[in-house]
Amino acid sequence: MTIFLRNRRSWAAGTATALALASLAALAGTATPASASGRATTAGPATAATATATATATATATALAPETAAALKPASPAPSAPPASGDPAALTLPRPTGPYTTGRDTLFLTDHERTDPWVPAAGARQLLVSLHYPARPGSGGAPAPYMPEAEARLMLAQRGLDDPEWPGLVAATRTFSRTDARPAPGRFPLVLLSPGFGTPRATLTGLAEELASRGYVVATADHPYESTGTELPDGRVLTCAACDEVAAQPDDAGRRKVLAAVSAGRAADFSFLLDRLTGPRPAWRHARAIDARRVGMAGHSIGGNAAASTMAADRRVDAGVNMDGTFFDQVAARGLGGRPFLMLGTDPGHAPGAGDTSWDEGWARLDGFKRWLTVRDSGHFTFTDTPAIGEQLGIVDPDAPLSAARSTTITRAYVTAFFDRSLRGRPARLLDGPTPAHPEVLFQRP
């Protein structure tokens, strides 16, 4: 895989990091993204720890089993004019298409009944959660920020992208949700979102805004010590101790065991989050907007595995979506109690009989309404904000040529159709079979 940078300002940086980025491509959903130590740091310029992160990831990538590395690819941005230098408003997410305007809140929660599994000395398990919701038109303050600059810097450093202007540009990406917006009247289904391993929750903002604009409350969680960087309200930045744990394993079996624990741990995170959103003393000020009888979950990469893990552990979750994630924590042998599940992935990497056999095994165990869809010309990050942001930065991946516009349209269309059917009982003809509107989407029937 070769990455080309159309942004002439960044040509030197791009060519210097191409090999590191290629290694991270294979690594993105199956092994360990690069990380600094698992200790909390203060926000600030990238340090020597982040500089060594790429080397750690590259070394781990070479140890992956060939079929695992081949199963997953990086994002698929297409060529685009670079943003104007010095213009922090140059990057923007795709506009949501639903009838609702959207608001966003942030919760910082502590589960006093659990110790953090990766850094026990840190004490109780904590979560940072973004809540997107249908809002009253004209209410609210400024557009919600995309992500802290410290998180953007660490995320880009992990991918070998070290242009000094990019962290500020990415952090300032324009969103379409407003802070302090009043909820629209009514009660809405709840969708939980979980990001990929080593990836901040912000990378699922576009999907969260789309679902909120279509009448869902969406709770997207950062799982501390499982991301390149999670900035806490007090300014501390937690780096990826779980990544270090994966990297420390002597073989692929050891890495898979740790990643299975990541997925199972996220199930406990989301059960706790459900308690705090729908219990008798909810933590969110607008919790009355949630219809707790209708709950779905989707995730990217290991977050998609976590959707199945959460459904197996918590009957409150009625439907799940795995976007290109290996089932390190296997689908329960007993199935998911007849609840619906969508597998949406790359083609051919996640086609039947391809490199990731966990999808074949998972498909056989799913016992409710189910669909297995793969997308031609896609990459591992197609189902996130990466294509839209990367395209605006001028990043090109010829191995995954699906455009940002098509990546966004396909992900939104199929995930929304699935939840409309599963949580609202609405017809979803899009899930019945191939359609000329989306020729890249293949229906797999093994």
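Residues numbered from 1 in each chain as written. Predicted model: local features only at pLDDT ≥ 70, side-chain atom pairs only at ≥ 80, totals over all residues. Heavy atoms only, no water.

### Here's the deal with the overall build of the protein
And then number 1: Looking only at helices and strands, the protein has twelve helices and 15 strands in total.
And then number 2: Carbon and sulfur atoms provide 54% of the accessible area of the protein, an area that totals close to 16,300 Å². (Helix = DSSP H or I, 4+ residues; strand = E, 2+ residues; numbered from the N terminus. Areas by Shrake-Rupley, 256 points an atom, 1.4 Å probe, with all protein chains shown as cover.)

### Some thoughts on the sheet that holds strand 6 (residues 188-194)
And then number 1: Spatial ordering of the open sheet is given by 5-3-4-7-6-10-11-12-13-15, a layout of ten strands whose pairing is mixed. Only two strands of the sheet have a single partner each, and these edge strands are strand 5 (177-179) and strand 15 (441-444). Across the sheet, the mean angle separating the axes of adjacent strands is 25° when strand polarity is ignored.
And then number 2: Across five bridges, the pairing between strand 4 (residues 124-135) and strand 7 (residues 217-222) is antiparallel. Paired with Val129 across the bridge in strand 7 is Ala221.
And then number 3: Of the strands in this sheet, strand 3 (101-115), strand 4, strand 5, strand 6, strand 7 and strand 11 (319-323) are in contact with helix 6 (residues 205-213), which crosses strand 4 at around 45°. (Pairing = 2+ DSSP bridges. Axes fitted to C-alpha atoms, helices over the stretch in contact; angles between N-to-C directions. Contact = heavy atoms within 4.5 Å.)

### A few points about the side chain of Ser271
And then number 1: By secondary structure assignment, the location of Ser271 is in helix 8 (residues 252-278).
And then number 2: At 2.8 Å, the side chain of Ser271 forms a polar contact with the side chain of Asp314.
And then number 3: Each residue touching Ser271, except ones within four places of it in the same chain, is listed here: Asp314 and Arg316. (Polar contact = N/O pair within 3.5 Å; in protein donor to acceptor, adjacent residues only side chain to side chain.)

### What about the packing of helix 6 against helix 12 (residues 404-424)?
And then number 1: Contact pair helix 6 / helix 12: the axes reach a minimum separation of 11 Å and the direction vectors enclose 45°. On the basis of their axis angle, the class for helix 6 and helix 12 is oblique. Judged by the twist between their axes, the crossing of helix 6 over helix 12 is right-handed. Across the interface between the two elements, Gly206, Leu207, Glu210 and Leu211 of helix 6 pack against Arg412, Val415, Thr416 and Phe419 of helix 12.
And then number 2: The class makeup of the residues in the contact of helix 6 with helix 12 is four nonpolar, two polar and two charged. (Parallel < 35°, antiparallel > 145°, perpendicular 65-115°, else oblique. Left-handed = near helix turned anticlockwise from the far one by under 90°. Nonpolar A, V, L, I, M, F, W, Y, C, P; charged D, E, K, R; others polar.)

### A short note on the side chain of Arg114
And then number 1: Take Arg114: it is sitting in strand 3.
And then number 2: For Arg114, the side chain forms a polar contact with the side chain of Asp269, separated by 2.7 Å.
And then number 3: In this structure Arg114 touches Gly123, Ala124, Arg125, Gly265, Ala268 and Asp269, once residues within four positions along its chain are discounted.

### Brief notes about the state of the cysteines
And then number 1: Scanning the model with the defined rule gives one disulfide in all.
And then number 2: Paired by a disulfide, Cys240 and Cys243 hold their sulfur atoms 2.0 Å apart. Taking the torsion about the S-S bond as the criterion, the Cys240 to Cys243 disulfide, at about 70°, is right-handed. (Disulfide = S-S within 2.5 Å.)

### Describing the pairing of strand 10 (residues 290-300)
And then number 1: For strand 10, the buried fraction is high: eight of the eleven residues fall into the buried class.
And then number 2: Examined bridge by bridge, strand 10 and strand 11 share five bridges and lie parallel to one another. Across the sheet, residue Met297 finds its bridge partner in strand 11, namely Gly320.
And then number 3: In this view, the connection linking strand 10 to its parallel neighbour strand 11 by way of helix 9 (residues 302-313) has right-handed handedness. (Buried < 20%, exposed > 50% of the residue type's maximum accessible area, 1.4 Å probe, protein only. Right-handed = clockwise from strand over helix to strand, strands pointing away.)

### Some points on the environment of Asp163
And then number 1: Residue placement: Asp163 occurs in the loop between helix 4 (149-158) and helix 5 (166-171).
And then number 2: With ten residues separating them along the chain, Asp163 and Arg153 place their C-alpha atoms 9.6 Å apart.
And then number 3: Reaching out from Asp163, the side chain makes a polar contact with the backbone nitrogen of Glu165 at a distance of 2.8 Å.

### Focus: the packing of aromatic side chains
The geometry of an aromatic ring pair is captured by two quantities: the separation of the ring centres and the angle between the planes.
And then number 1: Evaluation of the coordinates by the stated rule reveals eight aromatic pairs.
And then number 2: Summarising the aromatic geometry, the rings of Phe327 and Trp359 are spaced 6.4 Å apart at their centres and angled 50° between planes, so their arrangement reads as tilted. With Phe327 in the loop between strand 11 and strand 12 (341-347) and Trp359 in helix 10 (residues 357-365), the pair connects residues that are 32 residues apart, well separated along the chain.
And then number 3: Summarising the aromatic geometry, the rings of Trp359 and Trp372 are spaced 6.0 Å apart at their centres and angled 65° between planes, so their arrangement reads as edge-to-face. Taken together, the residues Trp359 in helix 10 and Trp372 in strand 13 (residues 370-376) connect sequence positions 13 residues apart.
And then number 4: Overall, the relative accessible area of 0% leaves Trp359 in the buried class. (Phe/Tyr/Trp six-rings, centres within 6.5 Å; stacked < 30°, edge-to-face > 60°.)

### Observations regarding the packing of helix 8 against helix 9
And then number 1: The N-to-C vectors of helix 8 and helix 9 enclose an angle of 55°; their axes lie 8 Å apart at closest approach. Viewed along their axes, helix 8 and helix 9 adopt a mutual orientation that is oblique. The chirality of how helix 8 crosses helix 9 is right-handed. For the pair helix 8 and helix 9, the contacting residues are Leu259, Val262, Ser263, Ala264, Arg266, Ala267 and Phe270 in the first and Ile302, Gly303, Asn305, Ala306, Ser309, Thr310 and Ala313 in the second.
And then number 2: Split by residue class, the contact of helix 8 with helix 9 holds eight nonpolar, five polar and one charged.

### Focus: the pairing of strand 13
And then number 1: Within strand 13, five of the seven residues are buried, which leaves it mostly tucked inside the rest of the structure.
And then number 2: Pairing analysis gives seven bridges linking strand 12 to strand 13, with the strands arranged parallel. Its bridge partner being in strand 13, Phe341 is matched across the sheet by Lys370.
And then number 3: Once you follow strand 12 into helix 10 and on to strand 13, the crossover reads as right-handed.
And then number 4: Judged from the four bridges that link them, strand 13 and strand 15 form a sheet pairing that is antiparallel. The residue bridging Thr374 from the neighbouring strand is Leu442, located in strand 15.

### Topic: the pattern of salt bridges
And then number 1: Counted according to the given criterion, the structure contains 20 salt bridges.
And then number 2: The shortest N-O distance in the salt bridge between Arg125 and Asp269 comes to 2.9 Å. In this pair, Arg125 is assigned in strand 4 and Asp269 in helix 8, connecting sequence segments 144 residues apart. The burial state of Arg125 is the same as that of Asp269; both residues are buried.
And then number 3: We note a salt bridge from Asp234 to Arg236, for which the minimum N-O separation is 2.8 Å.
And then number 4: We classify Arg236 as partly exposed; its relative accessible area is 35%.
And then number 5: When salt bridges with common partners are traced through the structure, they connect Asp111, Arg114, Asp116, Arg125, Glu226, Arg266 and Asp269 into a single cluster. (Salt bridge = Lys/Arg side-chain N within 4 Å of Asp/Glu carboxyl O.)

So far we have only geometry, and geometry alone does not tell us how the molecule works.
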